Amino acid sequence: MVPVPELLADPDDPRLEPYTRMRERDLVGRAGRFIVEGEVTLRLLLRRRSRFRAESILLAPERWPGLATEIAAAAEPPPVFGASKAVMSAVTGFPIHRGVLAVGLRGPEPGAADLVPPPPAPALVVGLAGLTNHDNVGAAFRNAAAFGADTVLLDGASCDPLYRKSIRVSAGAALIQPFARLPEGQDWLRLAETLDLQPLAFSPGATETLDTLDVPARALLILGTEGPGLDAATLARARPIRIPMAAGFDSLNVATAAGVALYTIARGQGRLGRP
């Protein structure tokens, strides 16, 4: 049984320190912590599917009744603090409207080989190369979870999927979708060879189209940032694929492209059975 939240009235209370200046501190890291905001994402953080756990929860008092049961059912119920929205806003540095925050703990960082099913099992892996927009990363994670990808791999240039905006845009998928950060300078093609994955490099300039693809049993979908896209060396060594579009237009948002590609390949691998 989780006790009623302890009400905190002082924005300078040391127990609120992990929540302070959320906007600024998200950009420079939180010593192994990250911020979750909103009821949907908090519920996912508390569930056993989440690879992370909550260090503490901060709620506006009126939000407590709707979340008490789920907090109590968590494997490790964290401390819960209550504060008025005025106090929460003073702590975070901007107005808080949802009244639901939590601090998550990152824990150990897995490697790619820890998350990709070994051959000959089927595998569906998303590779994000140079994605620096938090909305795109969050949306890509949402698509990866929706279509049953085994893992998401991010290169050193891609932004943090545990940035609070990425978590929010992902609808909490970043908390439950397995992912790993690649070492700086990791070569995508060498990685694909090591893990026995067929590298599919998505580019509007490719000749082969997604609708004609013979779906491989073990696929690595490599998606680059909007604008420059994937580098020429990666495209030359991988299998370039494009998504057919209406005449006169050849550009998709990268997260949308990820969704189309994931749906096609997940369906081809038989991952989209009825629930």
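All of these numbers come straight from a predicted model, not from anything done at the bench.

A word on the layout of surface pockets. Empty space among the atoms becomes apparent when a probe as large as a water molecule is rolled across them. Taken as a whole, the largest pocket encloses approximately 400 Å³ of empty space. Lining the largest pocket are 21 residues, and of these Phe202, Ser203, Pro204, Asp250 and Leu252 sit closest to its centre. Listed by contribution, the elements that provide at least two residues to the lining of the largest pocket are strand S10 (218-224) and helix H11 (254-268). For the lining of the largest pocket, the residue count by class is 12 nonpolar, six polar and three charged.

Another point: helix H6 (residues 134-146). Think of an α-helix as 3.6 residues a turn; residues three or four steps apart then line up on the same face. The first and last C-alpha atoms of H6 sit 18 Å apart over 13 residues, in line with the 18 Å expected at 1.5 Å per residue. Taken residue by residue, H6 has Asn136, Val137, Gly138, Ala140, Phe141, Asn143 and Ala144 as its buried positions. On its buried face, H6 sits against strand S6 (123-129), strand S7 (151-154), helix H7 (164-169), helix H8 (173-176), strand S8 (179-181) and H11. Glycine 148 lies just past H6 and shows a positive phi near 75°.

Moving on, we come to the packing of helix H2 (residues 39-46) against helix H3 (residues 64-73). Here H2 crosses H3 at 15°, and the two axes come no closer than 10 Å. The angle between H2 and H3 places the two elements in the roughly parallel class. For the pair H2 and H3, the sense of crossing is right-handed. Taking contact as the criterion, the partners of Glu39, Leu42, Arg43 and Leu46 in H2 are, on H3, Gly66, Leu67, Glu70 and Ile71. Across the contact of H2 with H3, the residue classes tally to four nonpolar, one polar and three charged.

Right, let's talk about H11 for a bit. End to end, H11 covers 21 Å across 15 residues, agreeing with the expected 21 Å (1.5 Å per residue, within 8%). All of the buried residues along H11 are Val254, Ala255, Ala257, Ala258, Gly259, Ala261, Leu262, Ile265 and Ala266. Looking at the packing, one finds that the buried side of H11 touches S6, H6, strand S9 (198-202) and S10. Between the side-chain oxygen at the start of H11 and the backbone nitrogen of alanine 255 there is a gap of 2.8 Å, and the oxygen is on asparagine 253.

The next thing to look at is unusual backbone geometry. Following proline 119, the chain continues to proline 120 via a peptide bond in cis, the omega torsion being 10°. Among the structural elements, proline 120 can be located in the loop between helix H5 (112-115) and S6. Its identity is not glycine, yet alanine 171 carries a phi of approximately 60°, on the positive side. Tracing the sequence through the fold places alanine 171 in the loop between H7 and H8.

About the thresholds
- Residue numbers restart at each chain and count upward from 1, following the sequence in its written direction.
- Two thresholds apply to this predicted model, a pLDDT of at least 70 for residue-level local features and 80 or more for giving and counting side-chain atom pairs, whereas whole-chain, interface and lining totals are computed over all residues.
- Based on all heavy atoms of the structure, the side-chain values leave hydrogens and waters out of the count.
- Each cavity reported here is a set of points on a 1 Å grid over the protein atoms alone in which a 1.4 Å probe fits but cannot get out, each pocket an open set with protein on both sides within 12 Å along at least five of seven lines, and each lining residue one with an atom within 4 Å of a point.
- Grid points are joined across faces, edges and corners, and a volume is the space filled by probe spheres set on the points.
- Under the DSSP-based scheme used, a helix requires at least four consecutive residues in state H or I and a strand at least two consecutive residues in state E, with every element numbered from the N terminus.
- Any residue that is not Ala, Val, Leu, Ile, Met, Phe, Trp, Tyr, Cys, Pro, Asp, Glu, Lys or Arg is counted as polar, Gly included; the first ten are nonpolar and the last four charged.
- Multiply 1.5 Å by the residue count of a helix minus one, and that product is the helix's expected span.
- Only protein chains enter the area calculation, which uses a 1.4 Å probe; residues under 20% of their type maximum are buried, those over 50% are exposed, and those in between are partly exposed.
- Throughout, a residue-residue contact means that at least one pair of heavy atoms, one from each residue, lies within 4.5 Å.
- For helices, the axis comes from a line fit to the C-alpha atoms of the stretch in contact; other axes are also lines fit to C-alpha atoms, and the angle between any two N-to-C directions lies between 0 and 180 degrees.
- In these notes the angle categories are as follows: under 35 degrees is roughly parallel, over 145 is roughly antiparallel, 65 to 115 is roughly perpendicular, and the rest is oblique.
- Crossing handedness: left-handed means the near helix sits turned counterclockwise from the far one by under a right angle, and right-handed means the same turn made clockwise.
- Polar contacts, as used here, are pairs of N or O atoms within 3.5 Å; protein pairs need one atom able to donate a hydrogen and one able to accept it. Residues neighboring in sequence count only if both atoms are side-chain atoms.

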